[in-house]
Amino acid sequence: MTQKQLNEILDQFDIPASITPYGNGHINDTYLVTTPMYIMQRINTNIFKSPDELMDNIENVTAFLREKIVAAGGNPDRETLTVIPTKDGKKYYRLDDQNVFRVYLFVVDTKSIENSKTPEDLFEAGVGFGHFQMLLADFPVEKLYETIKDFHHTPKRIEALKTAIAENKAGRADSVQDEIKFALDQVEWAGSVVAGLEDGSIPVRVTHNDTKINNILFDQETGKAVCVIDLDTVMPGSMLYDFGDALRMGGSTAAEDETDLDKVWFDKECFEAFAKGYLSEMKDSLNEKEISLMPLSVKLMTYECGIRFLTDYLNGDTYFKIHREHHNLDRCRNQFKLVADITAKEAELAKIIKSCI
Ligand code: ADP
Ligand code: GN1
Ligand code: MG
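As the structure is a prediction and not an experimental result, all values here were calculated from the model.

Draft legend 1. Molecular detail of the overall build of the protein chain. Of regular secondary structure, the protein chain possesses 12 helices and 11 strands. Here the protein chain, with 357 residues, has 49% of them falling under the buried criterion. Of all intrachain contacts in the protein chain linking residues separated by at least 6 positions in sequence, the fraction that spans at least 24 positions is 76%. When the accessible area of the protein chain is evaluated, it comes to approximately 17500 Å², of which 50% is carbon and sulfur surface. Looking at the protein chain, you have 40 positive and 59 negative side-chain charges, and the mean spots of the two groups are 2 Å apart.

Draft legend 2. Representation of the coordination of the magnesium ion (ligand 3). Distances from the magnesium ion (ligand 3) to its protein donors, namely N215 (OD1) and D230 (OD), fall within the range 2.2 Å. Of this pair, N215 sits in the loop between β8 (205-207) and β9 (216-219) while D230 sits in the loop between β10 (225-228) and β11 (235-237); the two residues are 15 residues apart in sequence, bridging distant segments of the chain. Given the relative accessible area of 5%, N215 is considered buried. In this structure D230 comes out as partly exposed when scored by relative accessible area, which is 29%.

Draft legend 3. Fine view of the site of ligand 1. Near ligand 1 the following residues occur: I39, Q41, L81, L105, F106, V107, S112, N214, N215, L217, I229 and D230. Grouping the amino acids of the shell around ligand 1 by side-chain chemistry returns 7 nonpolar, 4 polar and 1 charged.

Draft legend 4. Region of interest: the sheet that holds strand β7 (residues 110-111). Across the sheet, which stays open at both edges, the 3 strands sit in the order β7-β9-β10 with antiparallel pairing between neighbours. With one partner strand each, in any of the chains shown, β7 and β10 form the two edges of the open sheet. The strands touched by helix α4 (residues 119-135) within the sheet are β9 and β10, with β9 carrying the most contacts at an inclination of about 120 degrees.

Calculation notes
Residues numbered from 1 in each chain as written. Chains lettered and ligands numbered in written order. Predicted model: local features only at pLDDT ≥ 70, side-chain atom pairs only at ≥ 80, totals over all residues. Heavy atoms only, no water. Helix = DSSP H or I, 4+ residues; strand = E, 2+ residues; numbered from the N terminus. Buried < 20%, exposed > 50% of the residue type's maximum accessible area, 1.4 Å probe, protein only. Contact = heavy atoms within 4.5 Å. Areas by Shrake-Rupley, 256 points an atom, 1.4 Å probe, with all protein chains shown as cover. Lys, Arg positive; Asp, Glu negative; His and termini not counted. Charge placed at Lys NZ, Arg CZ, Asp CG, Glu CD. Donors = N, O, S within 2.8 Å, 3.2 Å for Na, K, Ca; no water. Near = heavy atom within 4 Å. Nonpolar A, V, L, I, M, F, W, Y, C, P; charged D, E, K, R; others polar. Pairing = 2+ DSSP bridges. Axes fitted to C-alpha atoms, helices over the stretch in contact; angles between N-to-C directions.

In structure tokens:
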């Protein structure tokens, strides 16, 4: 997008600026012009096919959160996202099918945490995601659209991998036989959360479904969790998706695409810290099955992400943004190394959960 195009798009949104006389000068006329800060995002319409449904979800969820935050005496402009409508009252602006934009209020005085994080950060992230889920516990889940169908349906993700292997669109299948074998060796346990949701033993809840640590903003000064962002995948799901996915990245000693696998381990201290924070908000709402599957969920979400990277690699890198050749393969190997380490530590993780409860 050129600067001119961006300005034209921005001009579609209802962005208030105010102007007031300022100071006590004797010579010039001085005015203070204030505009809050905003975030503008181009929605990826290759992935989110229905911006209407997507933005309906986000608006309904944030309006619901806003009421609860106000009732609790909080600051809704910081503690949840605020959708800024267009001048004609729409939730987004469509320039053309590929260029669909939305605007949020910028959440001020916060920081994102990318790769280097401490157990204290993980504790705060656990509180943040747990609190988000707790506040949404009585949101009518049937009102939510499925913005990406079967997003965390791991068995369907495995089927997609098998299709990608058979089609071998990028001609890469021969070179990743070890990764394919590892992926297919895990299928026995990989359907456990989906099966629990289907037979009703795991409750369907409003879940975020993309609980990467950089999808929560922390207060710049205190380091406390302020706002859960990136609400595109808020859908009906299991709390195990959110718990597991947060630790997939939050519990790793290295970045998601680190290629030196000797640096990639699962950190039990970070697991414990996140679990303590999360359970401080959610403990009383969880059933026994949910609690017992918490360690497995970390392995599951890491495995699922690994097979998604592998599938995309086989398909010729059409889904995830890549920044170098074989980036998706590097990410896949990294995730599978973590899966192996989590598997080795699963019994210890179960003990940690027991001690937190
Ligand atoms: P993506 O889906 O590409 O991950 P996000 O919605 O997570 O996009 O936004 C990318 C980054 O932009 C976030 O990690 C955060 O640093 C910043 N960001 C997004 N929304 C806001 C906001 N409302 N206020 C402040 N920063 C934001
Ligand atoms: C994507 O959008 P972002 O970067 O927060 C992906 C997640 C993956 C993650 C892997 C909509 O998350 O599901 O776990 O990358 N989001 C979507 O880093 O597919
Ligand atoms: Mg994000």
